[in-house]
Amino acid sequence: MSLKEQIKNDIKEAMRAKETAKRDTLRNIQAAIKQIEVDERRDVSDTDVEAIMMKYLKQREDAKAQFADAGRDDLVEKEDAEIAIVKSYLPEPMDDTELESILKEIIATVGAQSIKDMGKVMGAAKSTIGSRADGGRINQIVKKLLG
C-alpha cells in the first residue's frame, strides 16, 4: 500500500474513532498532495509524499516556535500533536554518525574539494538521503567536512 493510500485509509479510521486532531492533520497533508497532483497533472510517488510531509513538518515546527515565543501553550500542545502524527508516517531519521559517513561517501563520489563544491554535494545528498535527514543538518555536516 502506498503512503498516499495509507493516509486516505487512516483518515477514515480517525473519523470512525473521532480522533479530530489526527483527522485534520491528515486531511491537510492530503490536500497538499492533491494540490501537487492538480498543479503538475501527475500522480505523486511515495518519495513525493515524504517530501510534502517533511515540508508540512517544518511548517508545524516553525509555528510551534512562534507560539512558544508568544506564550501560547495551548497552541504549542496542538502543534506538538500534529508533529507527532506526521513523524509517525516518516522514516526514522538518521543519527549524526550515519549521516556523516554517507556524506563522506558522497563527497568522495562527487569529488568535492572545498566549500565551493557544496552545491554538488547538497544535490547528491538530497537525492540519496531523501527525507531521512533535514536539509539544515545536512548543510551543517557538509560545511564541517569541507571546511
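Above this text sits the structure in question.
Residues numbered from 1 in each chain as written. Predicted model: local features only at pLDDT ≥ 70, side-chain atom pairs only at ≥ 80, totals over all residues. Heavy atoms only, no water.

**Quick notes on the packing of helix H3 (residues 46-70) against helix H4 (residues 73-87)**
Put simply, the rule reads: Note on geometry: axes are C-alpha line fits, over the in-contact stretch for helices, and angles between N-to-C directions span 0 to 180 degrees. Secondary structure follows DSSP: runs of H or I at least 4 residues long count as helices, runs of E at least 2 residues long count as strands, and numbering of each begins at the N terminus. Any angle that falls under 35 degrees is termed roughly parallel, while one over 145 is termed roughly antiparallel, one within 65 to 115 roughly perpendicular, and all others oblique. Left-handed describes a crossing whose near helix is turned anticlockwise from the far helix through less than a right angle; right-handed describes the clockwise counterpart. Contacts: residue pairs with any heavy atoms within 4.5 Å of one another. Each residue is assigned to one class: nonpolar for Ala, Val, Leu, Ile, Met, Phe, Trp, Tyr, Cys and Pro, charged for Asp, Glu, Lys and Arg, and polar for all the others, Gly among them.
Between H3 and H4, whose axes approach to 9 Å, the crossing angle comes to 160 degrees. The orientation of H3 relative to H4 falls into the category roughly antiparallel. Between H3 and H4 lies a crossing whose hand is left-handed. Within the contact between the two elements, H3 uses Met 53, Tyr 56, Leu 57, Arg 60, Glu 61, Ala 63, Lys 64, Phe 67 and Ala 68 and H4 uses Leu 75, Val 76, Glu 79, Asp 80, Glu 82, Ile 83, Val 86 and Lys 87. Taken together, the residues of the contact of H3 with H4 sort by class into 10 nonpolar, no polar and seven charged.

**Structural notes on the side chain of Glu 82**
In plain terms, the rule: Residue burial is assigned from relative accessible area. The probe radius is 1.4 Å, only protein chains are included, and a residue is buried under 20% of its type maximum, exposed over 50%, and partly exposed in between. Definition of a polar contact: a pair of N or O atoms within 3.5 Å, with one able to donate and the other able to accept a hydrogen when the atoms are protein atoms, and with sequence-neighbouring residues admitted only if both atoms are side-chain atoms.
In this structure, Glu 82 sits in helix H4. Taking the relative accessible area as the measure of exposure, Glu 82 reaches 8% and is therefore buried. One polar contact links Glu 82 to Tyr 56, side chain to side chain, over a distance of 2.6 Å. Discounting residues that sit within four places of it in the chain, Glu 82 has contacts with Thr 25, Tyr 56 and Arg 60.

**Some points on the pattern of salt bridges**
What counts, and what does not: When a carboxyl oxygen of Asp or Glu lies within 4 Å of a side-chain nitrogen of Lys or Arg, that pair is called a salt bridge.
For the structure on display, the rule yields 16 salt bridges. Between Asp 96 and Arg 137 there is a salt bridge; the shortest N-O distance is 2.9 Å. Taken together, the residues span a long stretch of sequence, with Asp 96 in helix H5 (residues 96-110) and Arg 137 in helix H7 (residues 135-146) at a distance of 41 residues. Asp 96 gets classed as partly exposed once you look at its relative accessible area, which sits at 46%.

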